[in-house]
Amino acid sequence: MKKVSLRAFSALLMAMLIVVGLFVYVIRYVKDGEMWALYFDESTSGCEYTITDRNGTVLAKMGSGVKSYAEDANTRIACYHLTGDYTGNVGTGALKSFQRQLSGFSLITGIEERDDVNLQLTVDAELNLKAYEALNGRNGAVMICNYKTGEVLCMVSSPSIDPLNPPEVLPDGAYINRCLSASFVPGSVFKLVTLTAALENLDDIYHRTFSCAGSLNVKGVSINCTGTHGEQTIEQALANSCNCAFAQISLELGPDIIAEYAEKLGITTSLTIDGISTASGNYDKDSSMSAAMAWSGIGQYNDLVCPYAMMRLAAAYANGGTVVEPSLLGVSDKKTTLLSSDTADKVASMMNYNVVYHYGTGKFPGLNIYAKTGTAETGDGKASHGWFVGFLNDDEHPYAFVCIVENGGSGLGAAGSVINTVLQAAVSK
């Protein structure tokens, strides 16, 4: 009797192991099937798979067991986070993210018969080179898209590496695409969110002035400003990036409204680009109406923003409130309305005022640029992050952009100069 029970138990155990094994296999098949198919097909069939930039520059090629990257080392480095590598270290790289387009794999039918595959991305490798050179060894991110078509023209993250000759000791965060997979303290670029909420919720916002004496006392805590701006309109307050004015506005709006707009405008949610999930931002609601609440509307406190989300928001301001969802694979047919056209036009007008009356058009020769800077305090004893966000009001070059230079200091001096370099190259093409 004991032998029968033992055999029955053993049979049941084996059956359970088989079921668990099948379950694990199915999960792995769904998750990694495209990668298996790509490896098998390119290794045995003789079919070649090529990834190029928008101008045909080869970024990666594989076939008959041979795997290669761009011929030029600088191109490999500048496009590393765009292309990725064959080991999948960069989660957002084309080699990993677009395996289905490369392999023709189907979960139902498996590998499809197909000829050589050329996957052409929308990014211009030359603009990536310009952006990486302009960052000049500093950590940061640069991203530019066409806000009329959604095509991403530039996507650079630093530090980077040469996938063909990686260093023995990797720089910190070398595998992280800072455009998509990281979030940072936004500083004053978050004032665009607070401004949008104010325009739609404070009826008298255009018919009042905001006083700045250099600081504002909020329940015994001083909110320090970048200067002493005196009496100013909302337009002037944005151009001055006045902390005192935006602290007052934040306290009037309250945490619930600002949190609502941060989510609605895509700042605190995880977005997707061609199926790639981006890092989510953060906005912590402080209902005490304290200095922390005031700082949160200025872009400090516990605020975090992904660079991609800021570029997407700038594209919406440029495009009458509707964003053509950015894509690395071609012209996008997906549109999302983030805000009303009236509000978008008002914010856009103020972003242009920033440049004309505060930043100086001479810093951006020939560019009809609308922008907002950010100098985000990190609280770790290091220099502030420099941000520059905006768009070109130019029918021939409808480009929205974002740049962050980590610990770069001035948003205008650090990030603004990087963007100017890349945009000058972009409009000359």
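Overview of the structure. (Residues numbered from 1 in each chain as written. Predicted model: local features only at pLDDT ≥ 70, side-chain atom pairs only at ≥ 80, totals over all residues. Heavy atoms only, no water.)

## Observations regarding the overall build of the protein chain
Thought 1: Along its length, the protein chain carries 14 helices and 19 strands.
Thought 2: Counting over 429 residues, the protein chain shows a buried share of 54%.
Thought 3: Across the protein chain, contacts joining residues at least 24 apart in sequence account for 63% of those joining residues at least 6 apart.
Thought 4: In the form shown here, the protein chain has an accessible surface area of approximately 18,600 Å², with 52% of it arising from carbon and sulfur atoms. (Helix = DSSP H or I, 4+ residues; strand = E, 2+ residues; numbered from the N terminus. Buried < 20%, exposed > 50% of the residue type's maximum accessible area, 1.4 Å probe, protein only. Contact = heavy atoms within 4.5 Å. Areas by Shrake-Rupley, 256 points an atom, 1.4 Å probe, with all protein chains shown as cover.)

## With respect to the pairing of strand β17 (residues 369–376)
Two faces make up the sheet, and in a regular strand the side chains alternate between them.
Thought 1: The buried fraction of β17 amounts to 7 of the 8 residues, a majority that puts the element mostly inside the structure.
Thought 2: Summarising the sheet, β17 and strand β18 (residues 385–392) pair through 8 bridges and their orientation is antiparallel. Across the sheet, residue Tyr370 finds its bridge partner in β18, namely Phe391. (Pairing = 2+ DSSP bridges.)

## Details of the nonpolar core
Thought 1: Counting residues in hydrophobic clusters, the biggest one holds 97 residues, and the most contacted among them are Met143, Ile267, Met310 and Trp387.
Thought 2: For Ile267, the residues in contact, after removing those within four places along its chain, are Phe190, Val193, Ala262, Ser280, Gly281, Leu304, Val305, Ala309, Met310 and Leu313. (Core = buried A, V, L, I, M, F, W, Y, C linked by side-chain atoms within 4.5 Å.)

## Comments concerning the sheet that holds strand β3 (residues 66–69)
Thought 1: Here 4 strands make up an open sheet; going across it, the order is β3-β2-β1-β6 and the pairing mixed. With partners counted over all chains shown, the strands left at the sheet margins are β3 and β6 (117–120), one partner each. Direction aside, the axes of adjacent strands within the sheet are offset by 10° on average.
Thought 2: Here strand β2 (residues 58–63) runs beside β3; their pairing, made up of 4 bridges, is antiparallel. Following the sheet pairing, Gly63 is matched in β3 by Val66. (Axes fitted to C-alpha atoms, helices over the stretch in contact; angles between N-to-C directions.)

## As for the sheet that holds strand β8 (residues 152–158)
Thought 1: Taken together, 5 strands build an open sheet; the order of strands is β8-β7-β19-β18-β17 and the sheet is antiparallel. Across the chains shown, the open sheet's two edge strands, defined by having one partner strand only, are β8 and β17. Put simply, the sheet's adjacent strands are angled 5° from each other on average, direction ignored.
Thought 2: Pairing between β18 and strand β19 (residues 399–405): 6 bridges, direction antiparallel. Following the sheet pairing, Gly386 is matched in β19 by Val405.

## Considerations on the packing of helix α7 (residues 191–201) against helix α10 (residues 255–264)
Thought 1: Interaxial distance between α7 and α10 falls to 9 Å at its minimum, and their mutual angle equals 115°. One way to sum up the angle between α7 and α10 is to call them roughly perpendicular. Where α7 crosses over α10, the two elements pack in a sense that is right-handed. Residues Val193, Thr194, Thr196, Ala197, Glu200 and Asn201 of α7 form the contact with α10, whose own contacting residues are Ile257, Ile258, Tyr261, Ala262 and Lys264.
Thought 2: In terms of residue class, the contact of α7 with α10 is built from 6 nonpolar, 3 polar and 2 charged. (Parallel < 35°, antiparallel > 145°, perpendicular 65-115°, else oblique. Left-handed = near helix turned anticlockwise from the far one by under 90°. Nonpolar A, V, L, I, M, F, W, Y, C, P; charged D, E, K, R; others polar.)

## Section: the environment of Val221
Thought 1: Mapped onto the elements, Val221 comes out in strand β11 (residues 221–224).
Thought 2: Judged by its relative accessible area of 41%, Val221 is partly exposed.
Thought 3: For the pair Val221 and Ala291, spaced 70 residues apart in sequence, the C-alpha to C-alpha distance is 6.2 Å.
Thought 4: Beyond its immediate chain neighbours, meaning those up to four positions away, Val221 contacts Leu216 and Ala291.

## So, the packing of aromatic side chains
Thought 1: For the coordinates displayed, the defined rule picks out 9 aromatic pairs.
Thought 2: Between Phe364 and Phe388, the ring centres sit 5.4 Å apart and the planes meet at 15°, which makes this aromatic pair stacked. Separated by 24 residues along the polypeptide, Phe364 in the loop between α13 (341–359) and β17 and Phe388 in strand β18 bring together distant segments of the chain. With respect to burial, Phe364 and Phe388 carry one shared label: buried. (Phe/Tyr/Trp six-rings, centres within 6.5 Å; stacked < 30°, edge-to-face > 60°.)

## Concerning the pattern of salt bridges
Thought 1: Within the structure shown, the criterion is met by 11 salt bridges.
Thought 2: A salt bridge links Arg76 to Asp162, with the shortest nitrogen-to-oxygen separation between them at 2.7 Å. In this pair, Arg76 is assigned in helix α2 (residues 73–78) and Asp162 in the loop between β8 and α7, connecting sequence segments 86 residues apart.
Thought 3: For Asp162, a relative accessible area of 9% translates into the label buried.
Thought 4: Arg312 serves as the salt-bridge partner of Glu325, at 2.8 Å between the closest nitrogen and oxygen. Of this pair, Glu325 sits in the loop between β15 (322–324) and β16 (335–337) while Arg312 sits in helix α12 (residues 307–318), placing them 13 residues apart in sequence. (Salt bridge = Lys/Arg side-chain N within 4 Å of Asp/Glu carboxyl O.)

## A look at the pairing of β18
Thought 1: Taken across its 8 residues, β18 has 8 buried, putting it largely inside the fold.
Thought 2: Residues of β18 alternate between two faces, with His385, Trp387, Val389 and Phe391 on one and Gly386, Phe388, Gly390 and Leu392 on the opposite face, all of them buried.
Thought 3: Hairpin connection from β18 to β19: 6 residues lie between these consecutive antiparallel strands.

## Things to note about α10
Counting along an α-helix, one turn takes 3.6 residues, and residues three or four places apart therefore face a common direction.
Thought 1: For α10, every residue scored as buried is listed here: Pro255, Ile258, Ala259, Tyr261 and Ala262. Along the axis of α10, the buried positions cluster into a sector of 165°, meaning they face one direction only.
Thought 2: For α10, the secondary structure elements touched by its buried residues are α7, α9 (243–253) and α11 (291–298).
Thought 3: The positive-phi residue at the C-terminal boundary of α10 is Gly266, with phi of around 85°. (Arc of directions from axis to C-beta.)

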